[in-house]
Amino acid sequence: FRHSVTLWPFRAKPGHDPGCPPSHPASHSPKAHHLWKAEAGRRGPTVRSDCFVSIELAKEGTLAVKVDIKEEKLSEEVIQKVTTNILNAYHIAACTVCVEYYGALQFALMARVETAVRRLGGSFDQACPARIPASAVSAPAVERDRLRRSHLYVPGNEPRKMMNAAGCRPDAIVLDLEESVTAVDKDAARILVRHALGALDFAGAEKVVRINASPWALQDLEEIVGAGVHAILIPHSEGGEHVKEVERKVEDLKTRHQSSSPVYLMPVIESALGVLNALEIAQSSHANVALVLDVVDFLDSIGAEETEGRASSLMAMSTVVAAARAAGLQPLELDNWATMDDEEGLQESTQYAKSLGFDGRGCTHPQQVRVVHEGFLPKASEIRRAIQIVDAANGSHRGVVVLGSKTVDCQVVKRAHRVLQIAERMGLGPESPTSP
């Protein structure tokens with residue numbers, strides 16, 4: 001992450017602005033200079049649920065933590081204790097830390113302090129940790145075939161939005177390290193996301209992280225695997241080998257962190273090549289649970305614009321659904337609805353995606369989750385047919401499900417169970433007036 005490091009020898013001179021780095025490159029050894037400075041976090045009158053941390057590292061002296069509380073939530077004593085514990089973990093005994101506190105929860109405070117320390121250059125001692133263990137909450141593994149109607153995307157460097165994300169009850173919360181995070185904040189975001197995964201339970205929602213494409217992807221995985229992530233969105237998937245590379249890295253990291261919890265993969269198709277290789281991508285890993293289509297980026301890749309009837313994206317959408325179903329995965333649409341005041345348009349778009357076979361879609365605002373869930377409601381006819389399929393499966397003693405004169409394969413039975421699961425959760429029955 002050195003591209004985003006705020007690091008320089010901090011020797012203020014008359015007429016010199018200490019906020020500007022010198023023109024010559026700085027050594028990454030803290031012994032090379034008497035004093036270093038690094039910063040992390042956010043500050044200002046509009047900041048909430050965050051903090052700003054500044055560290056000046058001295059060659060000798062004592063550890064001092066100065067706290068400026070702008071919004072009361074954690075006490076000054078707790079802030080000093082959390083900060084000191086992290087500095088002790090990195091064996092830093094001589095420095096001055098200034099914390100501007102804007103009501104951050106402990107996970108965000110820990111992440112900002114850790115980021116500032118690591119921006120100092122990282123290795124102060126071989127015994128120092130590569131990362132600070134995050135606070136742990138109960139994070140049971142999620143079911144492979146769970147409901148994934150809504151994926152609420154949350155910027156990976158905004159703790160306030162992370163704290164409020166579960167209120168609308170999405171099926172999954174996507175902590176985004178890619179499009180919503182600038183290059184200079186990539187290191188801070190991945191550390192914050194790791195701490196959020198450990199500290200927040202998100203009311204039972206699936207914890208998903210969208211990693212970056214190369215060159216940051218492997219660094220993202222280093223932070224989040226073993227920290228409570230349930231699933232990983234893999235952007236710009238254009239072939240099976242790309243997914244296999246991520247899978248191998250995930251398995252290596254699970255072994256390193258002694259984690260037995262499954263980490264599912266969700267390749268995202270965003271280009272013409274990805275669409276043409278959809279089946280290869282879908283079948284590339286046993287950890288795949290969903291195949292995701294980014295319609296907007298796909299259209300950009302072929303130089304097309306979406307028409308009113310969505311004819312431009314029909315082939316891609318149908319191809320991804322077919323590939324996902326053939327591989328036993330859930331087809332999802334990433335297409336985030338940008339028009340906040342067009343609830344009717346979002347409803348129609350969601351129903352169209354459902355009619356093509358998609359099981360869920362992305363959301364950029366909590367208010368969209370309810371509309372998306374309603375859009376994926378099963379119709380009364382779907383519920384009745386699902387009941388028939390499940391009854392036939394329960395009454396089968398030969399392993400072959402027969403409905404009328406037709407055999408029904410296992411994927412159809414699974415989908416029938418999923419339809420009834422949604423219907424039960426939403427209080428719907430085969431004659432329910434709310435399921436048209």
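Residues numbered from 1 in each chain as written. Predicted model: local features only at pLDDT ≥ 70, side-chain atom pairs only at ≥ 80, totals over all residues. Heavy atoms only, no water.

### Brief notes about the overall build of the protein chain
Argument step 1. A tally of regular secondary structure across the protein chain gives 14 helices and 15 strands.
Argument step 2. The proportion of buried residues among the 436 residues of the protein chain is 49%.
Argument step 3. Total accessible area computed for the protein chain in this model is approximately 20,100 Å², and 51% of it derives from carbon and sulfur atoms. (Helix = DSSP H or I, 4+ residues; strand = E, 2+ residues; numbered from the N terminus. Buried < 20%, exposed > 50% of the residue type's maximum accessible area, 1.4 Å probe, protein only. Areas by Shrake-Rupley, 256 points an atom, 1.4 Å probe, with all protein chains shown as cover.)

### Observations concerning the nonpolar core
Argument step 1. Formed by 91 residues in total, the largest nonpolar core has its most connected members in L175, I232 and L293.
Argument step 2. Ranked by the residues each element gives to this core, the list is headed by helix α2 (residues 106-119), at eight residues.
Argument step 3. Not counting the four nearest positions on each side in its chain, L175 is found in contact with V154, M162, V193, A196, L197, F202, V208, V209 and R210.
Argument step 4. The next biggest cluster of nonpolar side chains, apart from the first, holds 15 residues, and it includes V142, A172, V208 and L233. (Core = buried A, V, L, I, M, F, W, Y, C linked by side-chain atoms within 4.5 Å. Contact = heavy atoms within 4.5 Å.)

### As for helix α9 (residues 295-302)
Argument step 1. V295, F298 and L299 are the residues of α9 that are buried. Taken end-on, α9 shows its buried residues confined to a sector of 95 degrees, consistent with a single buried face.
Argument step 2. Among the structural elements, α7 (272-276), β11 (290-293), α10 (311-326) and β12 (330-333) are those in contact with the buried residues of α9.
Argument step 3. Two or three places before V296, at the start of α9, stands the capping residue D294, its side-chain oxygen 3.3 Å from that residue's backbone nitrogen.
Argument step 4. Of the residues flanking the end of α9, it is G303, one or two places downstream, whose phi is positive at about 70 degrees. (Arc of directions from axis to C-beta. Polar contact = N/O pair within 3.5 Å; in protein donor to acceptor, adjacent residues only side chain to side chain.)

### A closer look at the packing of helix α1 (residues 76-89) against α2
Argument step 1. For the pair α1 and α2, interaxial distance at closest approach is 10 Å and the crossing angle is 40 degrees. Viewed along their axes, α1 and α2 adopt a mutual orientation that is oblique. Where α1 crosses over α2, the handedness of that crossing is right-handed. Contacts between α1 and α2 involve V78, I79, V82, T83, I86 and L87 from the first element and Q106, L109, M110, V113, E114 and V117 from the second. (Axes fitted to C-alpha atoms, helices over the stretch in contact; angles between N-to-C directions. Parallel < 35°, antiparallel > 145°, perpendicular 65-115°, else oblique. Left-handed = near helix turned anticlockwise from the far one by under 90°.)

### A look at a negative patch on the surface
Argument step 1. Where like charges cluster on the molecular surface, the negative patch consists of D341, D342, E344 and E348.
Argument step 2. Its location among the elements puts E348 in helix α11 (residues 343-356). (Patch = residues over 30% accessible without salt bridge, like charges linked within 9 Å, V, L, I, M, F, W, Y side chains within 5 Å. Salt bridge = Lys/Arg side-chain N within 4 Å of Asp/Glu carboxyl O. Lys, Arg positive; Asp, Glu negative; His and termini not counted. Charge placed at Lys NZ, Arg CZ, Asp CG, Glu CD.)

### Describing the environment of K414
Argument step 1. Here K414 shows up in helix α14 (residues 410-425).
Argument step 2. We classify K414 as partly exposed; its relative accessible area is 41%.
Argument step 3. In this structure the C-alpha to C-alpha distance between K414 and I389, which are 25 residues apart in sequence, comes to 9.6 Å.

### Quick look at the pairing of β12
Argument step 1. Here β12 shows two buried faces, one formed by Q330 and L332 and the other by P331 and E333.
Argument step 2. In the sheet, β11 pairs with β12 via four bridges, with the strands oriented parallel. From the neighbouring strand, V292 faces β12, where its bridge partner is L332.
Argument step 3. Pairing of β12 with strand β13 (residues 360-363), which is carried by two bridges, proceeds in the parallel orientation. Directly across from E333, in β13, lies its bridge partner R361. (Pairing = 2+ DSSP bridges.)

### Brief notes about the sheet that holds strand β7 (residues 172-176)
Backbone hydrogen bonds are what pair the strands of a sheet, in a parallel or an antiparallel way.
Argument step 1. Strands sit in the order β6-β7-β8-β9-β10-β11-β12-β13 around a closed barrel of eight strands; the barrel is parallel. Taking each pair of neighbouring strands and ignoring which way they run, the sheet shows an average axis angle of 25 degrees.

### Observations concerning the side chain of R310
Argument step 1. Positionally, R310 belongs in the loop between α9 and α10.
Argument step 2. For R310, a relative accessible area of 10% gives the class buried.
Argument step 3. A polar atom in the side chain of R310 sits 3.3 Å from the side chain of S349.
Argument step 4. If we ignore the near neighbours within four places in the chain, the residues touching R310 are V295, M317, E333, D335, S349 and Y352.

### As for the pairing of β13
Within a regular strand, side chains alternate between the sheet's two faces.
Argument step 1. Note: strand β6 (residues 150-155) against β13, three bridges, orientation parallel. Residue S150 lies in a different strand from β13, and its bridge partner there is R361.

### With respect to α10
Argument step 1. For α10, built from 16 residues, the straight-helix expectation of 22 Å at 1.5 Å per residue is met to within 8% by its first-to-last C-alpha distance of 23 Å.
Argument step 2. Here α10 has its buried residues at S313, A316, M317, V320, V321, A323 and A324. Angular distribution of buried residues about the axis of α10 spans 165 degrees; they occupy a single face of the element. Residues A311 and A326 are exposed on α10 and point more than 90 degrees away from its buried face. (Expected span 1.5 Å × (residues − 1).)

### Describing the packing of aromatic side chains
Argument step 1. For the structure shown, the criterion picks out zero aromatic pairs.
Argument step 2. Positioned above the aromatic ring of F52, the side-chain terminus of R43 is 4.0 Å from the ring centre. (Phe/Tyr/Trp six-rings, centres within 6.5 Å; stacked < 30°, edge-to-face > 60°. Lys NZ or Arg CZ within 6 Å of the ring centre and 35° of its normal.)

### Let's talk about the pattern of salt bridges
Argument step 1. All chains considered together, the criterion is met by 28 salt bridges.
Argument step 2. For E306, the salt bridge is made with R310, and the minimal N-O distance between the two is 3.6 Å.
Argument step 3. Each of E114, R118, R194 and E223 takes part in a single network of salt bridges with overlapping partners.

### Topic: the state of the cysteines
Argument step 1. Enumeration over the complete set of coordinates arrives at zero disulfides.
Argument step 2. We note that C95 lacks a disulfide partner, and the nearest cysteine sulfur, in C98, lies 9.9 Å from it. (Disulfide = S-S within 2.5 Å.)

### Here we look at the confidence of the model for the protein chain
A low pLDDT means the predicted coordinates there should not be read in detail.
Argument step 1. For the protein chain, the average pLDDT comes to 85, and 84% of its residues sit at 70 or higher.
Argument step 2. Low pLDDT, under 50, characterises residues 1-35; the predicted model gives this stretch 60 contacts beyond four residues in sequence or across chains. (pLDDT = per-residue confidence, 0-100.)

### Concerning the environment of M315
Argument step 1. Looking at the secondary structure, you find M315 in helix α10.
Argument step 2. Of the residues examined, M315 reaches a relative accessible area of 49% and is grouped as partly exposed.
Argument step 3. For the pair M315 and V275, spaced 40 residues apart in sequence, the C-alpha separation works out to 9.1 Å.
Argument step 4. When sequence neighbours within four positions are dropped, the list of residues in contact with M315 reads V275 and F298.

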